[in-house]
Amino acid sequence: MSTHDKHREDLVDTPSRFPLREVVLFTFLLAAILGVYAMMGAAYSTRMLVEASCYAILALGLTIQWGYAGQFNAGVMGFVALGGFSAMFFSVPVNDAFWGSELPRELAFVMLYGAAAVLVVFGATRLDRLGVPRTLRTLIAVVLGVVLYLVVISLLREVTDEIQSRAGFVGGLGLPAWTGWIVGGALAGVVGYFIGHICLGLRSDYLAIATLGIAEIIKAFLKNSDWLTRGTATVSPLPWPTPGPAELGFTLSRAIYLSVTAAIIAVIFFLLHRAYHAPWGRMIRAIRDNETSAAAMGKDINRRRLEIFVLGCILIGIGGGALTTFNSLFDPQGYLPLNHTFLVLVMVILGGPGNNLGTIFGAVAVYIIWIMSEPLALFVMQLAVSFGEGAFGWDAPSNMDSRALQARVFVIGLLITLVLRFAPKGLLPEKVKHHG
């Protein structure tokens, strides 16, 4: 056999194996879902599946950042909150007390002043092109930035105080909820672009710290902007893009909502699968595995890393909008690092970073464990108390419900420890084909 023929033979992929692991794991997952339906009823279980599907969208956004490109995004919560805010703002009915007054015009003027201030400061940073020394240029830009910021904030505070006293808050746009999901994804992508443009040049640990801090800034802004989000007063109910429980009942309405989120997951999965196996996906993985070699081959490393980061943020924003709309409540305080960052990380780790099918499996499995840990822990505690009262005369504690709720954290911590110990690449690891 010639060398050329042998090389061609090496490039042929090995036959695909029967996906035994996938079939077994999804069979166990289906059995767990049916068990939850038998224990908790159809309405509760369908609600759980809808929330799990929304978390699957979040996990898919994170797995392409972490699994495809090795970017550790510790600020998932912030992008979820942006998606939730957009879902609220676009779907809540129009507030005539605000739009029927002169307040929108005054707010628009303040926004224009803010945009002009940004342009002035940006222009000051370019004074060195006119021969101004760099030290003086920096000093001028900083002074202008501080002064103009104080002026704009003062004007904004006057208008927002008037909005709160006369209209409560600006209200929404009264559009279908799905428009808020799309805009939420776009908003998260825009914010992700600016974050990535600045932070993707940092090491992975610094990127994690930066995204974590920015997520807290986003949450603080939404929480304290009463004129825009009602802050701690919350906004509810949020309209659904599908008929709600009042029209169809809890079970059927939730099942229809589940079909919508499942369709979104199917579209995302198809597109990501095609992208992963396309030249673009191979290039992204090459950058992840050996950035130096990829750069030597002429690849634009920073541009590709920014693309994948923005794409992940878009998916997280869409998932955040779908989740907030389903809960029918926008509460800035309800976005927690434990629920909206750490839990998504656990889903990706369990399923397998870089494996889209594994990520969906991990999202549903981890969310079932997260939700069912509380009733199962309460059941075990009640058995222990009943046995202790009869055998040893124990007194039942008065706060068993809160203790059972804390069992969630213990179970998830134990789960992630076991996965990292026995399956560090996840239950469904990324499949990398080797040629030659």
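Residues numbered from 1 in each chain as written. Predicted model: local features only at pLDDT ≥ 70, side-chain atom pairs only at ≥ 80, totals over all residues. Heavy atoms only, no water.

Some thoughts on the overall build of the chain
Here is the rule we go by: Secondary structure counts use DSSP, requiring at least four H or I residues in a row for a helix and at least two E residues in a row for a strand, with both numbered from the N terminus. Note on classification: 1.4 Å probe, protein chains only; a residue is buried when its accessible area is under 20% of the maximum for its type, exposed when over 50%, partly exposed between these limits. Contacts between residues were defined by any pair of non-hydrogen atoms, one from each residue, lying within 4.5 Å. For the area figures, the Shrake-Rupley method with a 1.4 Å probe applies, and any residue is considered shielded solely by the protein chains shown. Charged residues are defined narrowly, with Lys and Arg counted positive, Asp and Glu counted negative, and His plus the chain ends left uncounted. Working definition for charges: the position is that of NZ of Lys, CZ of Arg, CG of Asp or CD of Glu.
Within the chain, the secondary structure is distributed over 18 helices and zero strands. Seen through its principal axes, the chain has C-alpha atoms that stretch 80 × 70 × 45 Å. Expressed as a percentage of its 436 residues, the buried residues of the chain come to 42%. Intrachain contacts of the chain at a sequence separation of at least 6 include 82% that bridge at least 24 residues. Carbon and sulfur atoms form 67% of the exposed surface of the chain, whose accessible area is close to 22,700 Å². Between the mean site of the 31 positive side-chain charges and the mean site of the 27 negative ones, the chain shows a separation of 9 Å.

Observations concerning the pattern of salt bridges
Which entries qualify depends on this criterion: Here, a salt bridge means any Lys or Arg side-chain nitrogen found within 4 Å of an Asp or Glu carboxyl oxygen.
In the structure shown here, the tally under the stated rule is nine salt bridges. The partner of glutamate 162 in a salt bridge is arginine 166, and the shortest N-O contact between them spans 3.4 Å. Taken as a pair, glutamate 162 and arginine 166 lie in helix H7 (residues 134-167) at a separation of four residues, close to a single helical turn. Accessibility expressed as a relative area gives 32% for glutamate 162, which makes it partly exposed. With a closest N to O distance of 2.9 Å, aspartate 289 and arginine 288 form a salt bridge. The exposure class of arginine 288 is partly exposed, given its relative accessible area of 24%. Each member of the salt-bridge network shares a partner with another, and the members are Glu102, Glu162 and Arg166.

Brief notes about the environment of leucine 336
Along the chain, the position of leucine 336 falls in the loop between helix H15 (301-327) and helix H16 (337-351). A sequence separation of 284 residues divides leucine 336 from alanine 52, and the C-alpha atoms of the two residues are 17 Å apart. If sequence neighbours within four positions are ignored, leucine 336 has contacts with Met77, Lys219 and Thr341.

Some remarks on the confidence of the model for the chain
Note the following rule: Residue-level confidence of the predictor, termed pLDDT, takes values from 0 up to 100.
Per-residue pLDDT for the chain averages 88, and the proportion of residues at 70 or more is 94%. Highest mean pLDDT in the chain belongs to helix H4 (residues 76-91) (96); lowest belongs to helix H1 (residues 3-10) (43). A low-confidence stretch, residues 1-14 (pLDDT under 50), is modelled with eight contacts involving residues beyond four sequence positions or located in other chains.

Details of the packing of helix H8 (residues 177-199) against H15
Basically, it comes down to this: Comment: axis = line fitted to C-alpha atoms, over the contacting stretch for helices; angle = value between 0 and 180 degrees taken between N-to-C directions. Less than a right angle of anticlockwise turn of the near helix away from the far helix marks a crossing as left-handed, whereas a clockwise turn marks it as right-handed. For this scheme, ten residues count as nonpolar: Ala, Val, Leu, Ile, Met, Phe, Trp, Tyr, Cys and Pro. Four count as charged, namely Asp, Glu, Lys and Arg, and the remainder, Gly too, count as polar.
Running from N to C, H8 and H15 point in directions that differ by 145°, and their axes come no closer than 7 Å. Crossing of H8 over H15 shows right-handed handedness. Counting all contacts with H8, which are made through Ala177, Trp181, Gly184, Gly185, Ala188, Gly189, Gly192, Tyr193, Ile195, Gly196 and His197, the residues of H15 involved are Leu306, Phe309, Val310, Cys313, Ile314, Gly317, Ile318, Gly321, Ala322 and Thr325. A class-by-class count of the residues in the contact of H8 with H15 yields twelve nonpolar, nine polar and no charged.

Structural notes on helix H12 (residues 250-277)
In plain terms, the rule: Working rule for helices: expected span equals 1.5 Å times residues minus one.
Between its first and last C-alpha atoms H12 spans 40 Å; for 28 residues at 1.5 Å apiece the expected length is 40 Å, and the two agree. For H12, the full list of buried residues reads Ser253, Arg254, Tyr257, Thr261, Ile265, Ile268, Leu272 and Tyr276. The inward-facing, buried residues of H12 contact helix H3 (42-69), H8, helix H11 (245-248), helix H13 (279-289), H15 and helix H17 (356-392).

Things to note about the packing of H12 against H15
The condition that has to hold: Throughout, the term roughly parallel applies to angles under 35 degrees, roughly antiparallel to angles over 145, roughly perpendicular to angles from 65 to 115, and oblique to all others.
Where H12 contacts H15, the two axes come as close as 12 Å, and the packing angle between them is 175°. On the basis of their axis angle, the class for H12 and H15 is roughly antiparallel. In contact with Arg254, Tyr257, Ile268 and Leu272 of H12, H15 contributes Leu311, Leu315, Ala322, Thr325 and Phe326.

Thoughts on a nonpolar patch on the surface
Which entries qualify depends on this criterion: Patch criteria: residues need more than 30% relative accessible area and no salt bridge. Like-charged residues are merged within 9 Å; nonpolar side chains of Val, Leu, Ile, Met, Phe, Trp and Tyr are merged within 5 Å.
Residues Phe18, Leu20, Val23, Val24 and Phe28 make up a contiguous nonpolar surface patch of roughly 520 Å² in combined accessible area. Mapped onto the secondary structure, leucine 20 falls in helix H2 (residues 20-40).

Some words on unusual backbone geometry
Between serine 236 and proline 237 the backbone carries a cis peptide bond, its omega angle lying at -5°. Mapped onto the elements of the fold, proline 237 is located in the loop between helix H10 (226-229) and H11. The phi dihedral of threonine 234 is positive, around 65°, even though this residue is not glycine. The residue threonine 234 is located in the loop between H10 and H11 in this model. Exposure remark for threonine 234: the relative accessible area of 16% places this residue in the buried category. Look at serine 328: it is not a glycine, yet its phi comes out positive at around 60°. Relative to the helices and strands, serine 328 resides in the loop between H15 and H16.

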